[in-house]
Amino acid sequence: MRLRLAIQKSGRLHDDSIKLLKECGIDISNGVNKLKAEASNFPVEVFFLRDDDIPQYVEDGVADIGFVGENVVYEKNKEVEVVEMLGYGKCRLSIAVGRNERYDSVQYLSKRRIATSYPVIVTDFLKKNNIDAEIHEISGSVEIAPGIGLADAICDIVSSGSTLFMNGLKEVETILKSEAVLIRNPLLKEEQLKILNKLLFRIQSVKKAKNNKYVLLNAPNENLEEIIGLLPGMKSPTVLPLAQAGWSSVHSVLNENDFWEIIEKLKEAGAQGILVVPIEKMIV
Ligand code: PRT
Ligand code: ZN
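Keep in mind it's a predicted model, so treat the numbers as computed, not measured. (Residues numbered from 1 in each chain as written. Chains lettered and ligands numbered in written order. Predicted model: local features only at pLDDT ≥ 70, side-chain atom pairs only at ≥ 80, totals over all residues. Heavy atoms only, no water.)

**Things to note about the sheet that holds strand S15 (residues 272-278)**
Threshold: Strands pair, by our definition, only if DSSP identifies at least two bridges between them. Secondary structure counts use DSSP, requiring at least four H or I residues in a row for a helix and at least two E residues in a row for a strand, with both numbered from the N terminus. All axes are obtained by fitting lines to C-alpha atoms, using only the stretch in contact for helices, and the reported angles, taken between N-to-C directions, cover 0 to 180 degrees.
A sheet is described by the order of its strands in space; here four strands give the open sequence S13-S14-S12-S15, paired in antiparallel fashion. Edge positions in the sheet fall to strand S13 (238-241) and S15, since each of these pairs with one other strand and no more. The sheet shows a mean angle of 20 degrees between the axes of neighbouring strands, direction not considered. Sheet topology note: the strand S12 (residues 212-220)/S15 ladder contains five bridges and is antiparallel. Residue pairing in the sheet places Tyr214 in a bridge with Val277 of S15.

**A few points about the domain arrangement of the chain**
How we decide: An automatic or database domain assignment is the source of the domain bounds shown.
Splitting the chain by domain gives domain 1 (3-87 + 180-209), domain 2 (91-178) and domain 3 (212-278). Its C-alpha centre places domain 1 at a distance of 38 Å from the equivalent point of domain 3.

**Concerning the sheet that holds strand S11 (residues 180-184)**
Two modes of strand pairing occur in sheets, parallel and antiparallel, and in both the strands are linked by backbone hydrogen bonds. Strand order in the open sheet made by the six strands is S2-S3-S1-S4-S11-S5, with mixed pairing throughout. Looking at the sheet topology across the chains shown, the edges are occupied by strand S2 (36-38) and strand S5 (81-85). Ignoring which end each strand starts from, the neighbouring axes of this sheet average 25 degrees apart. Inspection of the sheet shows strand S1 (residues 3-8) paired to strand S3 (residues 44-49) by six bridges, in the parallel sense.

See the structure below:
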């Protein structure tokens, strides 16, 4: 029995999806240019598909799980469950209008034409805001629609904002924040669930490791208590005596979010020779 996983064949999510599998110790290196590939060391078979098709394949049970952008999951609105955020492919789905337009509120959109590849999400957004507008569904190059007189506004994916800028547009509403997610068919069999749980355990260990750093530092013994107090660690920090009398080596794990703040405080407390090391996997 193998778990069938759908990922994007080529495009913005492809490389990061392969990379995540690799970080989970899953090797599909002999099949990335084919339609499907079997991992040599994990019971998973990978299907390479267009991202738009992944929710449908997972709903139909042709694939059991998939890696795909949340934006696509919500737009396709299929019977699939979002199980895990994957931390890559981050972007937002936003409304944009001409740079010189006066946009005070979402009322601006009333009776206007909005070009988008996301008609389901935009319809839902307009409904929630009680706005009556006209949706023009187009499949690519949405950002040129206002310039050629096809629409008054657009709704499209934004990441750096440079596409909007280059087309004389400005972002005025964010409808959805998105990243790649793991989706599953709701009716998996016991044995498939077991493989999924194994995969999820590995993904979570990789994600935790990315959010944490291993820190080693030298501390003067007279400030040891204060320094230990600053470190959260997984249980408590490891403290080892240094060859030089009066000093100890302290090892701990710091979260990315409060990393810089804690490092500054450690320095103030007399810590020296601080080394920060990336963690490859973190099992807690
Ligand atoms: O061929 P296939 O159908 O599989 O791929 P696709 O062309 O439909 O999708 P692709 O590869 O472009 O994107 C796949 C997924 O990546 C999307 O569904 C999002 O979840 C995610 N993602 C992340 C993005 C972006 N960032 C992104 N910047 N998808 C698209 N863009 C485009 C956007 O449409 C716009 O044209 O990039 C432009 C904006 O980028 P900035 O940086 O100029 O703002
Ligand atoms: Zn697509």
